[in-house]
Amino acid sequence: MSTEISHLTVTPAELLSGADNQRVRAIRSRRWLIYPRAKQVLERLNLLVDHPRGTRMPSLAIYGDSGMGKTMIMKRFRDQHPPTFNPVTGKLKTPVLAMEMTSRPGERRFYAELLTLLGAPQRPRADIAQMEQAALRIMEAIGVQVLVIDEVHNILAGTYREQRIVLNTLRFLSNRLQISLVCFGVNDAREAIGGDVQLARRFDQFTLSRWAANEQFEMLVALILRNTPLRHPSVLTAKSLRRILQVTEGITANIFHIVNSLAIEAIESGRERITDEAIEKWEPEFDADAAFA
């Protein structure tokens, strides 16, 4: 029996010829979708890679609640600018270097994390000055243009003195290497970066706000559905869209979760589409408030 697949993009349409468990596996796997808001962030990030080196390099801080897709955007940006090796010169070039702020910030722990990421051997008794010089030397040699720091709100876990030291370190790296900084974090990260006025002035800010009942949200749901391998199109009413927004509280990860759960149920039941009735009956598998308390 032939199946109309014009409701799907190419990749999910190709999955329709496979087994059901392959489709379920594809739905459960992490997949990148270019929705307008993410595309806007990536365009701004890419401008930093191409920016000429100079004093007071532009930087970008991206804030948003947990689950709004910050880490996915960060990984996508990093993957768009992978390290390259020139066999003629024998040099490695890494335009984008991405790290995660340590859970308990401090100058030594910061440089230890950075050197580990750079693949540099570390002497157990090396002092901070030696670690700093090693990081500077390697980052300059591999041509780092943008240093990305995820979970930057972890700075707040340190004492006031530790916070100031880490912020001074970030400003020093930007000045010395003439690189841009990109910081991802929850909304509390504004307070973390704001602890250093000179550093904060260098950052443009972009907020990944929770989704609201508007055209952008409708476009996001439509995009997810077009990339979900179901044999029949899912036509949702405005009431169903409001229901999705209500139960997910406008969090991107939750929106993907509910659509994925309903899609898997649609495959297992043989309906092959997400219906308004299924959305109305859907309940989370656990109490989200309790889980994130």
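Quick caveat: nothing in here was measured; it's all calculated off a predicted structure.

Participant: Got a minute to help me understand the domain arrangement of the protein in this structure?
Facilitator: Many descriptions give the size of an interface as the accessible area lost when the pieces come together. Looking at the assigned domains, one finds that the protein contains domain 1 (36-207) and domain 2 (211-281). Computed from C-alpha atoms alone, the centre-to-centre distance between domain 1 and domain 2 is 36 Å. Here domain 1 and domain 2 share an interface that buries about 510 Å² over both sides, 63% of which is from carbon and sulfur atoms. Counting the contacts that link domain 1 with domain 2 gives zero salt bridges. In this structure, the connection of domain 1 to domain 2 is made through two residue pairs in polar contact (both at pLDDT 80 or more).

Participant: Which parts of the structure should I look at to understand helix 10 (residues 215-226)?
Facilitator: In an α-helix there are 3.6 residues to a turn, and that puts residues three or four apart on one side. Compared with the 16 Å implied by 1.5 Å per residue over twelve residues, the 16 Å span of helix 10 between its first and last C-alpha is a close match. For helix 10, the full list of buried residues reads F217, L220, V221, I224 and L225. Seen end-on, helix 10 carries its buried residues on one side only, within an arc spanning 135 degrees. Here the buried face of helix 10 lies against helix 11 (238-248) and helix 12 (252-269). Two or three places before Q216, at the start of helix 10, stands the capping residue N214, its side-chain oxygen 3.2 Å from that residue's backbone nitrogen.

Participant: Looking at this structure, how should I read the pairing of strand 4 (residues 96-100)?
Facilitator: Looking along a regular strand, one sees side chains alternate from face to face of the sheet. Most of strand 4 sits inside the fold, with four of its five residues counted as buried. As defined by bridge partners, strand 4 adjoins strand 5 (residues 146-150) across five bridges and the pair is classed as parallel. Along strand 5, the bridge assignment pairs E100 with D150.

Participant: Explanation requested: the environment of A120 in the structure shown.
Facilitator: Among the structural elements, A120 can be located in the loop between helix 5 (107-117) and helix 6 (128-141). A120 sits 18 residues away from I138 along the chain, and the two C-alpha atoms are 8.3 Å apart. Those residues in contact with A120 that lie beyond four places of it in its chain are L115 and I138.

Participant: In this structure, what is going on with the environment of A26? I would like to understand it.
Facilitator: Its place among the elements puts A26 in helix 2 (residues 20-28). With eleven residues separating them along the chain, A26 and L15 place their C-alpha atoms 8.5 Å apart. The contacts of A26, once residues within four sequence positions are left out, are L15 and R31.

Participant: Just checking my understanding: could you explain the packing of aromatic side chains for this structure?
Facilitator: The geometry of two aromatic rings is summed up by the distance between their centres and the angle between their planes. Counted according to the given criterion, the structure contains two aromatic pairs. Ring geometry for Y35 against W211: centres 5.7 Å apart, planes inclined by 65 degrees, an arrangement best described as edge-to-face. In this pair, Y35 is assigned in the loop between helix 2 and helix 3 (36-49) and W211 in the loop between strand 7 (203-208) and helix 10, connecting sequence segments 176 residues apart. Using a relative accessible area of 6% as the deciding quantity, one classes Y35 as buried. W211 gets classed as buried once you look at its relative accessible area, which sits at 6%. Between F110 and Y111, the aromatic rings sit 5.8 Å apart at their centres with planes inclined by 75 degrees, giving edge-to-face as the arrangement. Summarising the burial analysis for this pair, F110 and Y111 share the class buried. Over the aromatic face of W211 sits the side chain of R37, whose NZ or CZ is 3.9 Å from the ring centroid.

Participant: Is there a simple way to explain the nonpolar core in this structure?
Facilitator: In a soluble, globular protein the nonpolar side chains are often hidden away together inside. The biggest cluster of nonpolar side chains holds 49 residues, and the ones touching the most others in it are L45, I62, V148 and I274. It is helix 12 that provides the largest number of residues to this core, a total of nine residues. Looking at this core, you find at least three residues from each of domain 1 (36-207) and domain 2 (211-281). Those residues within four positions of V148 in sequence are excluded, and the remaining contacts are M74, F77, V96, L97, A98, M99, V182 and F184. Counting 36 residues, the second-largest nonpolar core is a separate cluster that includes A126, V144, V166 and A189.

How each quantity is defined
Residues numbered from 1 in each chain as written. Predicted model: local features only at pLDDT ≥ 70, side-chain atom pairs only at ≥ 80, totals over all residues. Heavy atoms only, no water. Domains from an automatic or database assignment. Buried area = accessible area lost by both parts, 1.4 Å probe. Salt bridge = Lys/Arg side-chain N within 4 Å of Asp/Glu carboxyl O. Polar contact = N/O pair within 3.5 Å; in protein donor to acceptor, adjacent residues only side chain to side chain. Helix = DSSP H or I, 4+ residues; strand = E, 2+ residues; numbered from the N terminus. Expected span 1.5 Å × (residues − 1). Buried < 20%, exposed > 50% of the residue type's maximum accessible area, 1.4 Å probe, protein only. Arc of directions from axis to C-beta. Contact = heavy atoms within 4.5 Å. Pairing = 2+ DSSP bridges. Phe/Tyr/Trp six-rings, centres within 6.5 Å; stacked < 30°, edge-to-face > 60°. Lys NZ or Arg CZ within 6 Å of the ring centre and 35° of its normal. Core = buried A, V, L, I, M, F, W, Y, C linked by side-chain atoms within 4.5 Å.

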